[in-house]
Amino acid sequence: MKKSNVKAKLKRHFDAQSLKQPIKNTAVYALYLVGGFILSLAGITSELKPLALSFVAVSKKQGCIFSTIGACLGYLALGFNESSARYFCAVIIVGAIAFLVQTLSLSHIIAIPLISTFSTCLISGAFMNIKLEANITQYLITLAESILTLGVTYFYFKSINANFTQLRFKALPTSDIACITISVSTLFLGFGQLKVGSIMPFLTAAGVIVLFAVRYANEKWGVICALSFGFVLGIPSENGAALCGAMGLAATVSALFAEMSILGVGLSYLAVCSFFAITLGGEYGLTIFLNSALSVAIFLLMPSKICDKIEQRFFLYNKSGVDGALRQNLVLKLRFASNAMKTISDSVEQVSERFDEVAQKRSQRLKQTLSKEQYISKEVISQRTNQVRMVATDQFLSIAEMLNDLATEFAQAEAFDSQAQDKIRQLLSEYGIYAKSVSAITDKYGRMRVEILTSSPSSRLSDKHLQYEIGKICDRYFDVGRITKFSKECMLSFTQKPNYIISVGFAQYSAEGELCGDTVKIINDGKGHSVLIISDGMGKGSSAALDGAMGAGLISRLINAGFGFDSALKIVNSALLLKSNEESLATLDIASIDLFTGKCEIFKAGAPSGYIIKNSVATKCELSSMPAGILRGIEFAKRTAILSPSDSIILMSDGITDLGDEWLNEIFVSLPYQPQECADYILSRALEETKNKKRDDMSVIYARLEKN
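Our subject in this report is the structure included herewith. (Residues numbered from 1 in each chain as written. Predicted model: local features only at pLDDT ≥ 70, side-chain atom pairs only at ≥ 80, totals over all residues. Heavy atoms only, no water.)

Focus: the pattern of salt bridges
Part 1 of the reasoning: Counted under the stated rule, the structure contains eight salt bridges.
Part 2 of the reasoning: For the salt bridge of E451 with R449, the shortest nitrogen-to-oxygen distance reads 3.1 Å.
Part 3 of the reasoning: Classification of R449 by relative accessible area gives buried; the value is 14%.
Part 4 of the reasoning: In this structure, E622 engages K620 in a salt bridge whose closest nitrogen and oxygen atoms are separated by 3.5 Å.
Part 5 of the reasoning: Of the residues examined, E622 reaches a relative accessible area of 56% and is grouped as exposed.
Part 6 of the reasoning: One continuous salt-bridge network, built from bridges that share partners, spans K620, E622 and D661. (Salt bridge = Lys/Arg side-chain N within 4 Å of Asp/Glu carboxyl O. Buried < 20%, exposed > 50% of the residue type's maximum accessible area, 1.4 Å probe, protein only.)

Examining the side chain of S503
Part 1 of the reasoning: Structurally, the position occupied by S503 is in strand β6 (residues 500-509).
Part 2 of the reasoning: A polar contact of 3.0 Å, which involves the side chain of S503, links it to the side chain of E706.
Part 3 of the reasoning: With residues near it in sequence (within four places) discarded, S503 still touches P675, Y702, A703, R704 and E706. (Helix = DSSP H or I, 4+ residues; strand = E, 2+ residues; numbered from the N terminus. Polar contact = N/O pair within 3.5 Å; in protein donor to acceptor, adjacent residues only side chain to side chain. Contact = heavy atoms within 4.5 Å.)

Concerning helix α3 (residues 63-77)
Part 1 of the reasoning: Here α3 is 15 residues long and its end C-alpha atoms lie 21 Å apart, about the 21 Å a rise of 1.5 Å per residue gives.
Part 2 of the reasoning: Of all the residues in α3, the buried ones are G63, C64, S67, T68, G70, A71, C72, G74 and Y75.
Part 3 of the reasoning: One or two residues past the end of α3 sits G79, with phi positive at roughly 100°. (Expected span 1.5 Å × (residues − 1).)

Observations regarding unusual backbone geometry
Part 1 of the reasoning: Despite not being glycine, E133 has its phi angle at roughly 55°, a positive value.
Part 2 of the reasoning: Along the chain, the position of E133 falls in the loop between α5 (111-131) and α6 (136-160).
Part 3 of the reasoning: You can call E133 exposed: its relative accessible area is 71%.
Part 4 of the reasoning: Within the chain, S616 stands out as a residue other than glycine whose phi angle is a positive 70°.
Part 5 of the reasoning: Locating S616 in the fold gives a position in the loop between β11 (610-614) and β12 (617-621).
Part 6 of the reasoning: Assessed through its relative accessible area of 74%, S616 is described here as exposed.

Describing the sheet that holds strand β13 (residues 637-642)
Part 1 of the reasoning: Sheet architecture is open: five strands sit in the order β7-β8-β9-β10-β13, paired in antiparallel fashion. Lying at the two open borders of the sheet, with one neighbouring strand each, are β7 (518-524) and β13. Adjacent strand axes in the sheet meet at a mean angle of 10° when their direction is disregarded. (Pairing = 2+ DSSP bridges. Axes fitted to C-alpha atoms, helices over the stretch in contact; angles between N-to-C directions.)

Examining the environment of V669
Part 1 of the reasoning: Among the secondary structure elements, V669 is positioned in helix α22 (residues 661-669).
Part 2 of the reasoning: A sequence separation of 53 residues divides V669 from S616, and the C-alpha atoms of the two residues are 7.7 Å apart.

Some details on the packing of aromatic side chains
The relation between two aromatic rings is expressed through the spacing of the ring centres and the mutual angle of the planes.
Part 1 of the reasoning: Across all of its chains, the model carries eleven aromatic pairs by this definition.
Part 2 of the reasoning: Look at Y29 and F66: their rings are 4.6 Å apart centre to centre, the planes differ by 10°, and that puts the pair in the stacked class. In this pair, Y29 sits in helix α1 (residues 2-41) while F66 sits in helix α3, placing the two residues 37 residues apart along the sequence.
Part 3 of the reasoning: Owing to a relative accessible area of 29%, F66 belongs among the partly exposed residues under this scheme.
Part 4 of the reasoning: Ring centres of F478 and F494 lie 6.2 Å apart, and the angle between their planes is 50°; on these two criteria the pair is classed as tilted. Residue F478 is found in the loop between α18 (464-474) and β4 (482-485), and its partner F494 is found in strand β5 (residues 490-495); the two are separated by 16 residues along the sequence. (Phe/Tyr/Trp six-rings, centres within 6.5 Å; stacked < 30°, edge-to-face > 60°.)

Regarding the nonpolar core
As a rule of thumb, soluble globular proteins bury nonpolar side chains together.
Part 1 of the reasoning: Counting residues in hydrophobic clusters, the biggest one holds 58 residues, and the most contacted among them are V210, M247 and Y269.
Part 2 of the reasoning: The element that contributes the greatest number of residues to this core is helix α9 (residues 201-216), accounting for nine residues.
Part 3 of the reasoning: Beyond its immediate sequence surroundings of up to four residues, M247 is in contact with L203, A206, G207, V210, A226, F229, G230 and Y269.
Part 4 of the reasoning: Core analysis: the next-biggest nonpolar cluster, separate from the first, contains 22 residues, I555, L558, A568 and I571 among them. (Core = buried A, V, L, I, M, F, W, Y, C linked by side-chain atoms within 4.5 Å.)

Some words on a nonpolar patch on the surface
Part 1 of the reasoning: On the surface, I123, F127, I130, I136, Y139, L140, L143 and I147 cluster together to form a nonpolar patch covering roughly 810 Å² of accessible area.
Part 2 of the reasoning: Those elements giving two or more residues to the nonpolar patch turn out to be α5 and α6.
Part 3 of the reasoning: The greatest single-element share of the nonpolar patch, amounting to five residues, is contributed by α6.
Part 4 of the reasoning: Structurally, F127 is set in helix α5. (Patch = residues over 30% accessible without salt bridge, like charges linked within 9 Å, V, L, I, M, F, W, Y side chains within 5 Å. Areas by Shrake-Rupley, 256 points an atom, 1.4 Å probe, with all protein chains shown as cover.)

A few points about the environment of I235
Part 1 of the reasoning: Relative to the helices and strands, I235 is located in the loop between α10 (219-234) and α11 (240-255).
Part 2 of the reasoning: In this structure, the C-alpha to C-alpha distance between I235 and L189, residues 46 residues apart in sequence, is 8.3 Å.
Part 3 of the reasoning: Filtering out sequence-adjacent residues up to four positions away, I235 remains in contact with I44 and L189.

Overview of the side chain of S530
Part 1 of the reasoning: Positionally, S530 belongs in strand β8 (residues 529-537).
Part 2 of the reasoning: Residue S530 is classed as buried on the basis of its relative accessible area, which comes to 9%.
Part 3 of the reasoning: Contact partners of S530, with chain neighbours within four places excluded, come to I502, I523, A591, S592, I593 and L595.

So far we have only geometry, and geometry alone does not tell us how the molecule works.
Here it is as structure tokens:
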């Protein structure tokens, strides 16, 4: 019974799906038919009606057949005369060309519809002028009409080929929005002069559109809509220029009140239109006043739910980036939270010390009453409990430092470029990528990074042309984008292309089985730094591999997330201390290289010596420190060096460095040129040197700084 129900549901689903496409196709073809018919009636004058030619020329797929039929019906409805016959023949020719273009899959080439409409309009007009023995003025009008048809074809082509996957004006490029606005306004030519008394429905509708554009988009789009509709609706009238000016100025003035209130927008629009109405006087002035008043009334009385849907669907984001005051406020709050966490850490540590004192006194009292085994067991439990409390103290301190790192990062973000963010959002929509958020951040050194958060990964995020276009918007050269995937989101980050690049070679040997106790990570932190990491777990085999992987994995993730090295080390140390009851430790050897300046910061936690090679001379970098996982409160030993192009840095695990300085200096003299060859050479020589000896895990990173 259940199976039959499932089959029935599946059958209904597939039946519904099979019906959707024919219904959708029918609706699209009907729109093409109606569009062709309306535009054939729309004329610049009573004699010049070329707009249908442009619409037919850009119609997609089978739509060109229906738009041609609609246009032919419209021209026949005008009555059979020389003018309608000319357009009737011209639209059939243009329709045939459009059908051929669709058949050959050449619809993406804009030059074809432009040439076909211009030449057809010009040639058909010339033939009619010859037949009617027209004067030179008529020939010039025909030429002007053909040029107008060329322009309208361009607007129609851009509009009909816009990305309508998710129709939102906030996501469409500026050029496409302007083309769509102008294209829609031409539809008003056919019926724009329809009147019911002094009310012109299309003029009223145009006013409502302008008001919504001003209120929910910005001044630019309000003025574009006002001028487009004002021009189109004013063409047939002697006072057309006045209508265009009235709507354009009204949109400009009302935009001044857009941030204040919806009432301010409506009243200021009505005030300007009233001024023009009084100036013009007569019946036309009354028409402008009544229609603008009706537009404002509709705009003000529109239910808020409908307004919200219109804003969400069509209009641009109008949110500025984070300004200096807000950023400083956020920095202060993060630092306040950091100080609060430090206070909690101090309080927990004080309480732990008190507990420890009480526990020791109690232990001394119970020592006489307990057996040796019971006493030792109780002491072990007490020490472990105290260790957990102290690690919790370290965790609070780590969180405090991480919050302080975030505060420092926000403080260094000198500017959020809101204009670039809007342009990038529109660009992404052309690639079918709809971003949840876009940030274009410039730090105090003038370096820019762009961060794009999307709800799902897209293969187009890695498109190199996208990177190039984002660079054009920001007037910067960006490095290859970095994609970070979360559970349900995806972050694409671009950093300004640095002055240098790092060429890296890496080689590794496992002393026991397939699992190596050394873990190597080479990452880019997204801020122009290349970070090299070697983490060596204690011993060999699986347990050492687990410690090494835990150390390198945790610290690389924390650095990628934007936290500092010191706070990240505290987290790694706490994690290793609590990992198991057995001793667990890992060394950390890190080199962070600023690819803009060549500054190299070296961080060591129990790691062996590294080497910097400048002008073929190797300099030893030896720093005393403790590995992570042994004691609380360990810190990195640090050193800074400045690398120049062709300088190199070498990080190695103790399986290689234990062979001695003299042996290593001998190796460095005979290194090959390529970094990977250098890493392979050092490892191969180390394996030769330890042949027939007990070996440890071996890892080597050889990195050379080069001009970008």
